[in-house]
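# A structural walkthrough
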Amino acid sequence: MIESVATFQNADAAGEGTSIGHDWQRDLARAVRSSAELLRRLGLSESQFAGLLADVQTRSFPVLVPESFLARMQPGNPADPLLLQVLPRSEEQAQVDGFLSDAVGDLNARRAPGILQKYHGRVLLIAASACAVHCRYCFRREYPYSDEPRRLEDWDESLKTIADDSSVREVILSGGDPLILNDQRLEHLCRRLEAIPHIDRIRIHTRLPIVLPSRITDALLSLLTGLRPQVLVVVHANHAAEIQLDCRSSLQRLVQAGLPVLNQAVLLRGINDCVNSLEDLSTALMNIGVIPYYLHQLDRVSGTAHFEVPTSTGLSLVSELQARLPGYAVPRYVQEFPGATGKTPVA
Ligand SMILES: *Cc1c(COP(=O)(O)O)cnc(C)c1O
Ligand code: SF4
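On a predicted model such as this, the values are computed, not experimentally measured, just so you know. (Residues numbered from 1 in each chain as written. Chains lettered and ligands numbered in written order. Predicted model: local features only at pLDDT ≥ 70, side-chain atom pairs only at ≥ 80, totals over all residues. Heavy atoms only, no water.)

## As for the overall build of the protein chain
Looking only at helices and strands, one finds 12 helices and 10 strands in the protein chain. For 347 residues, the compact-globule estimate of 2.2 N^0.38 gives 20 Å, and the C-alpha radius of gyration of the protein chain, at 19 Å, lies within 12% of that figure. By principal-axis analysis of the C-alpha atoms, the protein chain measures approximately 55 × 45 × 40 Å. Long-range pairs, those at least 24 residues apart, make up 81% of the contacts in the protein chain with a sequence separation of at least 6. Carbon together with sulfur atoms contributes 51% to the accessible area of the protein chain, which is approximately 14200 Å² in total. Of the side-chain charges in the protein chain, 34 are positive and 40 negative, and the distance between the mean point of each set is 2 Å. (Helix = DSSP H or I, 4+ residues; strand = E, 2+ residues; numbered from the N terminus. Rg over C-alpha atoms; globule rule 2.2 N^0.38 Å. Contact = heavy atoms within 4.5 Å. Areas by Shrake-Rupley, 256 points an atom, 1.4 Å probe, with all protein chains shown as cover. Lys, Arg positive; Asp, Glu negative; His and termini not counted. Charge placed at Lys NZ, Arg CZ, Asp CG, Glu CD.)

Shown next, in the form of structure tokens:
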């Protein structure tokens, strides 16, 4: 069954020494892969939406929704905030001024194959090109993943770049989604980073605990808690309705294992651009020990303009949020500018 995962975009989830039969790999193989199926499962019809993209039009970034995520959507609701994150709309094909394929300057930040550095002391490693879900607003939907290392041996040069630069103290595993690697590949990568004396922290940027909670296995927890560098997990949920059921318990397992868990969200039109929705998200996270970290202004990547919320609206939402929640529960509202020394507070 894993073959359908492997052929879908690349072989990340399979890789060397694949252990077919893990529940999470089965769950990924069984994910919904078409709009028609998604709508059918929710009891919705195309006529309830203005301008959907047909499956043949989204071949390079097709629908991908694991059953667990689908189970948290409300049947019969065309405005469901989870559905709207994954359903392809014809607006994606609109050319809008100011929306570019490399809006965040990733290609200028490439230091070695698979390694991006924009900020002091930390580098981002593109550990995998695949994800377990396809978010229509994705800022890396146009990233040229095929240029990056595939096999473990291909990482030698990039890991040497990190080993030769003692100013790098933290490696962020990103992608794609790094947890789509099987345990063996993930462990291999983490052990090689652990062997670099100046690496103090490994940060994992992942949406799998949210969209494919079965990925959080005991074996994964013991890998992440058994490394010399401190591991931090940064998840990505945009709406409180995501933090339910198996997702909620997988986040609790990460927290109970002693890992710092932070959330980043993207401010998205029609999905979380109201103060109640942002408040509910922060509350749902805090109540299980997950700290709201960033609220990102949408990166202006081609095909995502219909998700953009003006920064003036974002600023007033965040100030209302500040009036309702403790300081630690208010995410930093930030924007990414090419060439900046860190994420920039929206002002
Ligand atoms: C966003 C990002 C980071 C992480 O930034 P923090 O503020 O440390 O969370 C690191 N490197 C790159 C290239 C990034 O885009
Ligand atoms: S999980 Fe992240 S990288 Fe993957 S499609 Fe969604 S936003 Fe993009």
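## Topic: the packing of aromatic side chains
In this structure the tally under the stated criterion is 2 aromatic pairs. Between Y137 and F307 the ring centres are 5.8 Å apart and the planes differ by 80°, which places this aromatic pair in the edge-to-face class. One end of the pair, Y137, is in the loop between β3 (122-126) and α6 (156-163); the other, F307, is in the loop between β8 (291-296) and α12 (311-324), and 170 residues separate them in sequence. Residue classification places F307 among the buried positions, given a relative accessible area of 4%. Ring geometry for Y293 and Y294: centres 3.9 Å apart, planes at 25°, overall stacked. Overall, the relative accessible area of 13% leaves Y294 in the buried class. Sitting over the face of the ring of W24, R215 holds its NZ or CZ atom 4.1 Å from the ring centroid. (Phe/Tyr/Trp six-rings, centres within 6.5 Å; stacked < 30°, edge-to-face > 60°. Buried < 20%, exposed > 50% of the residue type's maximum accessible area, 1.4 Å probe, protein only. Lys NZ or Arg CZ within 6 Å of the ring centre and 35° of its normal.)

## Things to note about unusual backbone geometry
For the peptide bond that leads from G175 to G176, omega is 15°, which places it in the cis range. Looking at the element boundaries, G176 is found in the loop between β4 (170-174) and α7 (183-194). In this model, L245 sits at a positive phi of 50°, which is unusual for a non-glycine residue. Residue placement: L245 occurs in helix α10 (residues 245-256).

## Thoughts on the nonpolar core
Core analysis: the largest hydrophobic core is formed by 96 residues, its most contacted members being L125, I162, L173, I243 and L251. Tallying contributions element by element places helix α11 (residues 275-286) first for this core, with 6 residues. Beyond its immediate chain neighbours, meaning those up to four positions away, I162 contacts I115, V123, L125, V168, V171, L193, I196, H198 and I199. Within the second largest apolar cluster, 7 residues are counted, among which are L124, I126, Y143 and I172. (Core = buried A, V, L, I, M, F, W, Y, C linked by side-chain atoms within 4.5 Å.)

## What about the site of ligand 1?
Around ligand 1, the neighbouring residues are K118, Y119, R122, L124, I172, R203, Y293, Y294, E336 and K343. Between R122 and ligand 1, the recorded distance is 2.6 Å, taken from a side-chain N or O atom to an oxygen atom. Contact between ligand 1 and R203: an oxygen atom at 2.7 Å from a side-chain N or O atom of the residue. In the complex, the protein chains occlude 94% of the 390 Å² of accessible area that ligand 1 would expose alone. Secondary-structure elements contributing two or more residues to the shell around ligand 1 are β2 (115-119), β3 and β8. Its residues placed into classes, the shell around ligand 1 shows 5 nonpolar, no polar and 5 charged. (Near = heavy atom within 4 Å. Polar contact = N/O pair within 3.5 Å; in protein donor to acceptor, adjacent residues only side chain to side chain. Nonpolar A, V, L, I, M, F, W, Y, C, P; charged D, E, K, R; others polar.)

## Notes on the side chain of S174
Of note, S174 is situated in strand β4. You can call S174 buried: its relative accessible area is 6%. Leave out the neighbours within four places in its chain, and S174 touches L124, L125, I126, A127, A128, R140 and H205.

## Overview of helix α9 (residues 218-225)
For an α-helix, the turn length of 3.6 residues means that residues three or four places apart are oriented alike. Taken as a whole, α9 has its buried residues at L220, L221, L223 and L224. Taken down its axis, α9 places every buried residue within 160° of arc, on the same side. For α9, the secondary structure elements touched by its buried residues are α7, β5 (201-205), β6 (230-236) and α10. (Arc of directions from axis to C-beta.)

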